[in-house]
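# Tertiary structure, described
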Amino acid sequence: WGNEDTQQILDILEKHNVKVTFFATGGWVETYPEDVKKIIDAGHAFGNHSENHKFMTKLSDEQKKQELMKFMTRLRHLLAMRCACSALLMAITMTR
């Protein structure tokens, strides 16, 4: 999954005044940082789809935690520790 349609999706959502939650992996965040910023700046939520999209049922609890926390660290770094966003994303990540 690339970013070819991201701007068109954002434009459609804005046209209809709709806010959504985008979920992505850490790899997507790393590859398309400007798209992540556009999504957040447009007022959409950004959800944690793990760092590498591993088969979570095959991982230990510690490995699962690492998959989720690596994503969070990457996203927080990208967003330069925007307090409100970081707090919201951490709450989403820690909710089971």
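Being a predicted model, the structure only gives us computed values, none of them experimental. (Residues numbered from 1 in each chain as written. Predicted model: local features only at pLDDT ≥ 70, side-chain atom pairs only at ≥ 80, totals over all residues. Heavy atoms only, no water.)

### Overview of the pattern of salt bridges
Pairs may arise between side chains of opposite charge once their charged atoms sit close together. Across all of its chains, the model carries four salt bridges by this definition. Across the pair Lys37 and Glu34 runs a salt bridge, and its minimum N-O distance is 3.5 Å. Taken together, the positions of Lys37 and Glu34, both in helix H3 (residues 33-41) and three residues apart, correspond to about one turn of that helix. On the accessibility criterion, Lys37 (24% relative accessible area) is partly exposed. (Salt bridge = Lys/Arg side-chain N within 4 Å of Asp/Glu carboxyl O. Helix = DSSP H or I, 4+ residues; strand = E, 2+ residues; numbered from the N terminus. Buried < 20%, exposed > 50% of the residue type's maximum accessible area, 1.4 Å probe, protein only.)

### Here we look at the side chain of His44
Along the chain, His44 falls in the loop between H3 and strand S2 (45-48). Looking at His44, its side chain comes within polar contact range of the main-chain nitrogen of Val20, at 3.1 Å. Among all residues touching His44, those that are not within four sequence positions of it are Leu10, Leu13, Val18, Lys19, Val20, Phe22 and Ile39. (Polar contact = N/O pair within 3.5 Å; in protein donor to acceptor, adjacent residues only side chain to side chain. Contact = heavy atoms within 4.5 Å.)

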